[in-house]
Amino acid sequence: MLFKKTIAAGATAAALMMTPTAASAASQDEQVRKLDIMLMVTSLRCRTGADDFQPQYRKFSAAHITSLNAAARKLEAGLVARHGQKGAKRALDRISVGMANQYGQGHPWLGCAELKEITTDLANSKDPTVLAQAADELLGPAPRSGGRWARR
C-alpha cells in the first residue's frame, strides 16, 4: 500500500510539472497565495494525527519563499490598484479568511496522507511554475474518476 502511494505521489508530481497553465498572472498570484493558505491550514488540522505534515509544509514554505512572497506582493499591488490601499487590505483579509474557513475542516477530497505526499513533492521541487499548476489542480473541484487527483 505504501508503495502504491509512493508511486502515486511521484506520478502526481510529474503530472503537475507537465500541465500547462492558462490562468492570467493576477489569477495565478491569487491561486498561489490560496495554495499556501490551504496547505498551512490543512497542515495545522492534520498535526495531531499519524499524517502530520507540518515539517513538510515548513520545508515547502522555505523552498518556495521567494515565489510565495512575490505572488503575495503582486496580488496586493493588483488589489491596491483596483481598490485603493484600505480596500486592498480588506480584500486580502477576505481572501485569507475565506480560504482558512474553507479548509478549516479539511480538504474536500484529499485526506491528510495525500496532502502530506503532495506537500513533500512540492517541497522537493525548486520549479516555481509548479506552484500555479498545483494550485489549479488542488483548489479546483474534485476530478472525475480516473483523473490525476482522483479520490483515493
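Refer to the preceding data block for the structure.
Cut-offs used in this document
- Residues numbered from 1 in each chain as written.
- Predicted model: local features only at pLDDT ≥ 70, side-chain atom pairs only at ≥ 80, totals over all residues.
- Heavy atoms only, no water.
- Disulfide = S-S within 2.5 Å.
- Helix = DSSP H or I, 4+ residues; strand = E, 2+ residues; numbered from the N terminus.
- Buried < 20%, exposed > 50% of the residue type's maximum accessible area, 1.4 Å probe, protein only.
- Axes fitted to C-alpha atoms, helices over the stretch in contact; angles between N-to-C directions.
- Parallel < 35°, antiparallel > 145°, perpendicular 65-115°, else oblique.
- Left-handed = near helix turned anticlockwise from the far one by under 90°.
- Contact = heavy atoms within 4.5 Å.
- Nonpolar A, V, L, I, M, F, W, Y, C, P; charged D, E, K, R; others polar.
- Phe/Tyr/Trp six-rings, centres within 6.5 Å; stacked < 30°, edge-to-face > 60°.

**A closer look at the state of the cysteines**
Across all of its chains, the model carries 1 disulfide by this definition. Put simply, cysteine 46 and cysteine 112 are joined by a disulfide, and their sulfur atoms are 1.9 Å apart. One disulfide, between cysteine 46 and cysteine 112, carries an S-S torsion of -80° and so falls in the left-handed class. Taken as a pair, cysteine 46 in the loop between helix H2 (25-45) and helix H3 (54-63) and cysteine 112 in helix H5 (residues 112-124) lie far apart in primary sequence, 66 residues in all. On the basis of relative accessibility, which here comes to 4%, the residue cysteine 46 falls in the buried class.

**As for the packing of H3 against H5**
Think of two packed helices as two axes; the pair is described by the angle between the axes and how far apart they sit. Here H3 crosses H5 at 30°, and the two axes come no closer than 8 Å. In terms of orientation, H3 lies roughly parallel with respect to H5. Crossing geometry of H3 relative to H5 is assigned as left-handed. Together, Gln56, Tyr57, Lys59, Phe60 and Ala63 of H3 and Lys116, Thr119, Thr120, Leu122, Ala123 and Asn124 of H5 make up the contact between the two elements. Split into classes, the residues belonging to the contact of H3 with H5 amount to 5 nonpolar, 4 polar and 2 charged.

**Topic: the environment of leucine 44**
Examined against the element boundaries, leucine 44 turns out to sit in helix H2. Looking at leucine 44, the relative accessible area reads 38%, which means it is partly exposed.

**Quick word on the packing of aromatic side chains**
For the structure shown, the criterion picks out 1 aromatic pair. Taking 6.0 Å as the distance between ring centres and 40° as the angle between the ring planes, the aromatic pair formed by tyrosine 57 and phenylalanine 60 counts as tilted. With tyrosine 57 and phenylalanine 60 both in helix H3 and 3 residues apart, this pair spans about one turn of that helix. Taken individually, tyrosine 57 and phenylalanine 60 each receive the classification buried, so the pair is uniform in this respect.

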